[in-house]
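Structural overview for review
Here's the letter readout for the chains.
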Amino acid sequence: MKVYIFFLICLLFSCKSHKNSIQKSICSNNYEIQYDKSKKNLLSKKEKDKNYFLIYFENNFNDKVKLDINKNNIFDRSVITNNSNPDEYTGKLIYKMDGSDKYIMNIQGENTKTCFEIPLNKSFRIIYLFYYQNKWIIRFSNQIRTN
């Protein structure tokens, strides 16, 4: 009985709110894709109906970043975020969907010589981008930032 209770407790506390997948880009760097399925602070249905993606750069960037969606450049500038001053870059990108069936995001880091290209999932309207331990982390979510 004690073993069963211990197993149940371990199972409950080890659940993740997102699914991970690690892949290798054409630039030979690893990147990780996460799908956040958290149910807290979700984007409202009214906001989801506006047909746009919100893109945030999170911690540990010090690079010139070029971001294209469907081969249209939407961002090309330096991004500096760090743990000591995380709000040094607080901008977010808003990409209005144009009615295409598919959206492909391509990102290149000039200083890190890294890149990745991934399809965007219209079910997840918020994209958080991290650069951590020499790899990109792309988190698809519907959970809005609260800070």
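Residues numbered from 1 in each chain as written. Predicted model: local features only at pLDDT ≥ 70, side-chain atom pairs only at ≥ 80, totals over all residues. Heavy atoms only, no water.

1. With respect to the pattern of salt bridges
In a structure, side chains of opposite charge can pair up when their charged atoms sit close to one another. Threshold: Salt bridges are counted wherever a side-chain nitrogen of Lys or Arg sits within 4 Å of a carboxyl oxygen of Asp or Glu. Runs of H or I in DSSP of at least four residues are treated as helices and runs of E of at least two as strands, each being numbered from the N terminus. Exposure classes here rest on a 1.4 Å probe applied to the protein chains alone. A residue is buried below 20% of its type maximum, exposed above 50%, and partly exposed in between.
Scanning the model with the defined rule gives five salt bridges in all. Here D76 ties to K64 by a salt bridge, and the two come within 3.2 Å at their closest N and O atoms. Note that D76 is positioned in strand β5 (residues 72–81) and K64 in strand β4 (residues 61–69), a separation of 12 residues in sequence. A residue is classified by how much of its surface remains accessible, and D76, at 40% relative accessible area, is partly exposed. What makes K64 partly exposed here is its relative accessible area of 28%. Note that D68 and K66 form a salt bridge whose closest N and O atoms lie 4.0 Å from each other. Classification of D68 by relative accessible area gives buried; the value is 14%. On the basis of relative accessible area, K66 is assigned to the partly exposed category, the value being 32%.

2. What to know about the pairing of strand β7 (residues 104–109)
As a reminder, the rule being used: Two strands pair if DSSP finds at least two bridges between them.
As paired elements, β4 and β7 share five bridges and run antiparallel to each other. Across the sheet, residue D68 finds its bridge partner in β7, namely N106. Sheet topology places β7 next to strand β8 (residues 114–119); six bridges connect them, and they run antiparallel. When the sheet's bridge partners are listed, N106 is paired in β8 with E117. Two successive antiparallel strands, β7 and β8, enclose a turn made up of four residues, where K113 displays a positive phi of approximately 50°.

3. Points about the side chain of S141
So the rule is basically this: Under this definition, polar contacts are N or O atom pairs within 3.5 Å; protein pairs additionally need one hydrogen-donor-capable and one acceptor-capable atom, and for neighbouring residues in sequence, both atoms have to be side-chain atoms. In this analysis, two residues are considered to be in contact whenever any of their non-hydrogen atoms come within 4.5 Å of each other.
Among the secondary structure elements, S141 is positioned in strand β10 (residues 135–141). Taking relative accessible area as the criterion, S141 reaches 0% and is therefore assigned buried. In this structure the side chain of S141 is engaged in a polar contact, spanning 3.5 Å, whose partner is the side chain of D36. When residues no more than four places from it in sequence are discounted, the contact partners of S141 are D36, F124, R125, I126 and Y128.

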